[in-house]
Amino acid sequence: MSIPRPEHPKMQFYRPDWVNLNGEWSYEFDFGKSGIERGLQNSTGFAGKITVPFCPESPLSGVGHTDFIESMFYQRTLEIPAAWNGRRILLHFGAVDYTAVIYLDGVEVGRHSGGSISFSVDLTRHVEAGKSYNLVVHVLDDQRSFTQPFGKQCPQFQSCGCSYTRVTGIWQTVWLEAAGMQGLKKCRIVPEFDRGAFGFLPEYFEERPGNTLTVRILAEGREVAAETVSASAWGPFSVTVPEPRAWSPEDPFLYTIVFEVKNASGELLDRVESYGGLRKIHVEGDRLFLNNKPLFLRMVLDQGYYPDGVWTAPSDEALVRDIELSMAAGFNSARLHQKVFEERFHYHADRMGYLTWGESACWGLGWTRLGWYTQDRYAGVFNFLREWRETVERDANHPSIIAWTPLNETERPIDLDFYRGVMTEVYDLTRQVDPTRPVNDTSGYQHVKTDLWTVHLYRKDAAELKEALTPAGGGVWHTSPDLEVPYAGQPYLNDEFGGFMYIPPERAKFAANTWGYHGLDLKSPEELCAKIAEQVDYMLTVPNLSGYCYTQLTDVEQEQNGLYNYDRTAKVPEGMLKAIFGKSPEWAK
């Protein structure tokens with residue numbers, strides 16, 4: 001059996017000594033949540049077979065169980081290569097929804113909560129090179145507690161409205177890696193565009209007097225800059241690049257960055273390959289600027305769902321294809337909506353010059369949505385803040401990500417003072433972790449503390465859009481003026497509109513509850529494009545508008561309002577969409 005998703009999952013932190021653990025694992029559902037009492041953590045093999053990294057709800061997993069799964073167990077044999085003797089042994093999970101408890105030979109060696117974000121378990125103290133171990137992963141996923149972020153996973157049995165098939169357990173690549181015992185744990189890379197330099201903030205597994213870190217920066221294989229510093233716990237430093245070449249959508253140039261940790265004798269302890277793009281994103285008044293030039297965002301809403309893999313792309317090529325489809329339609333950017341996209345997607349966006357907004361898989365849980373109210377709202381806040389911090393930390397080095405959107409459509413809060421306190425903390429936390437990007441506190445509404453003023457204006461024609469987007473009295477649209485803070489002159493974006501349903505005549509409705517916005521059921525590509533074009537053309541004339549986001553790139557299950565079918569085939573003849581979405585206002589050209 002060939003290994004599914006065989007490519008390295010983390011190209012911004014690459015070591016050559018790694019083993020992909022995707023493929024066939026054994027599994028057992030634990031609907032009674034009695035698995036630990038029954039000793040399933042000691043199992044050396046379950047009856048069920050599942051293909052990792054695909055969730056059990058997906059066809060590609062070989063399971064296809066779509067009802068709620070609140071507890072399950074995975075198992076496989078873990079073999080540690082003999083050549084890794086004396087190395088630090090790391091077990092990585094791209095993502096496990098929601099809580100994962102890791103056992104080796106029945107002994108717990110690590111755990112993690114947060115269904116969208118990567119984590120690692122250091123196995124060094126628990127394993128020996130050249131030996132085999134029994135690996136069991138216990139997954140707990142109580143979505144209906146409404147205390148854990150879950151994005152667009154449906155809280156009801158059947159997919160409906162804007163909610164789709166659920167995701168449980170392992171849904172991204174699992175891999176083993178060998179690192180130096182005193183090697184590089186992580187390193188923040190900050191492009192200092194105006195100085196023509198990169199800033200670095202490294203962190204190490206262990207420190208020893210005399211250890212050094214050398215950073216080498218290469219352009220097209222040729223070393224252009226290097227710096228050696230002491231490998232200490234707090235050692236931020238910068239390296240200037242001669243004749244710097246900017247990263248931009250037109251020229252997404254990436255510098256190769258090599259990290260080498262050596263001891264006092266000059267012996268190489270660890271080597272990591274990475275990359276970086278020299279670019280700058282900032283706000284001046286009501287405009288966004290990329291590399292000090294005004295930027296108009298032509299975004300598309302990308303939810304990252306797949307008919308056969310749900311949250312997991314069936315192949316690396318499928319990730320690339322989604323970006324290609326968006327760019328072919330004329331978009332220069334995307335809102336990565338209600339899902340933390342895998343690092344391979346960001347890698348491709350980096351090298352293809354595709355701008356994105358990073359977003360959490362959270363609508364606000366029980367502290368903002370009355371239908372999901374829970375007495376344990378503090379647990380929901382804690383779980384969200386923890387997972388969001390890990391998300392920003394993991395993805396901050398990607399030049400293609402130009403803004404953060406922690407939350408989406410937070411509706412009418414149950415307790416306004418509590419809500420505003422939480423949203424202020426969310427904004428402040430995001431800026432503390434990454435002060436280099438603007439923050440859209442909650443996409444659409446209800447804004448509390450934000451660098452971008454975003455609205456969601458789904459209107460059936462341009463006349464209705466104009467009435468809302470440009471109020472007669474001036475200013476900007478407020479979804480709930482009694483709840484939102486006053487507008488303070490931020491960049492103004494209509495970051496959700498459209499959603500028009502067009503199902504090609506050779507296609508059928510996905511389900512009985514298939515829908516699109518406004519109840520419209522358009523009958524031809526020409527009718528669809530005309531409906532979109534009148535709204536886009538109007539927005540290009542609004543002088544204080546900094547961008548838009550069309551809903552959406554592809555159909556997703558019953559929500560058949562995509563520009564492409566769910567299987568990524570075309571709805572519209574080539575060129576028609578680009579003629580609409582490929583245009584920018586004069587001031588941004």
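The structure this text deals with has already been given above.
In this text, all values refer to a predicted model and were calculated from it rather than measured experimentally.

A. Summary view of the nonpolar core. Leu469, Ile532, Tyr550, Leu563 and Phe581 are the most contacted members of the largest nonpolar core, which has 50 residues in total. Ranked by residues supplied to this core, first place goes to helix α6 (residues 525–539) with seven residues. Counting 32 residues, the second largest nonpolar core, distinct from the first, contains Leu21, Tyr74, Ile102 and Leu135.

B. Focus on helix α4 (residues 416–433). Across its 18 residues, α4 extends 26 Å between first and last C-alpha, which sits within 8% of the 26 Å expected from 1.5 Å per residue. Along α4, the residues classified as buried are Phe418, Tyr419, Val422, Met423, Val426, Tyr427, Leu429, Thr430 and Val433. Within α4, the buried residues cover an arc of 165° as seen down the axis, which keeps them to one side. For α4, the exposed residues lying more than 90 degrees away from the buried face are Asp417 and Gln432. Of the residues flanking the start of α4, the one acting as N-cap is Asp415, its side-chain oxygen 3.2 Å from the backbone nitrogen of Asp417.

C. Region of the structure containing the side chain of Glu57. Looking at the secondary structure, you find Glu57 in the loop between β3 (48–52) and β4 (71–79). One buried charged residue, Glu57, forms no salt bridge at all, with the nearest opposite charge on Arg166 at 5.5 Å. Among the polar contacts listed, one links the side chain of Glu57 to the side chain of Thr168, at a separation of 2.6 Å. If near-sequence neighbours (up to four positions away) are discounted, Glu57 is found in contact with Gly64, His65, Thr66, Ile69, Thr165, Arg166, Val167 and Thr168.

D. Structural view of the sheet that holds β4. Reading across from one edge, β3-β2-β4-β10-β7-β8 is the order of the six strands in this open sheet, with antiparallel pairing throughout. Each of the sheet's edge strands pairs with one partner strand only, and the pair in question is β3 and β8 (107–113). Between one strand and the next, the sheet's axes are offset by a mean angle of 30°, whatever the strand orientation. Sheet topology places strand β7 (residues 99–104) next to β8; six bridges connect them, and they run antiparallel. Bridge assignment links Val101 to a residue of β8, and that residue is Arg111.

What counts as what
Residues numbered from 1 in each chain as written. Predicted model: local features only at pLDDT ≥ 70, side-chain atom pairs only at ≥ 80, totals over all residues. Heavy atoms only, no water. Core = buried A, V, L, I, M, F, W, Y, C linked by side-chain atoms within 4.5 Å. Buried < 20%, exposed > 50% of the residue type's maximum accessible area, 1.4 Å probe, protein only. Helix = DSSP H or I, 4+ residues; strand = E, 2+ residues; numbered from the N terminus. Expected span 1.5 Å × (residues − 1). Arc of directions from axis to C-beta. Polar contact = N/O pair within 3.5 Å; in protein donor to acceptor, adjacent residues only side chain to side chain. Lys, Arg positive; Asp, Glu negative; His and termini not counted. Salt bridge = Lys/Arg side-chain N within 4 Å of Asp/Glu carboxyl O. Contact = heavy atoms within 4.5 Å. Pairing = 2+ DSSP bridges. Axes fitted to C-alpha atoms, helices over the stretch in contact; angles between N-to-C directions.

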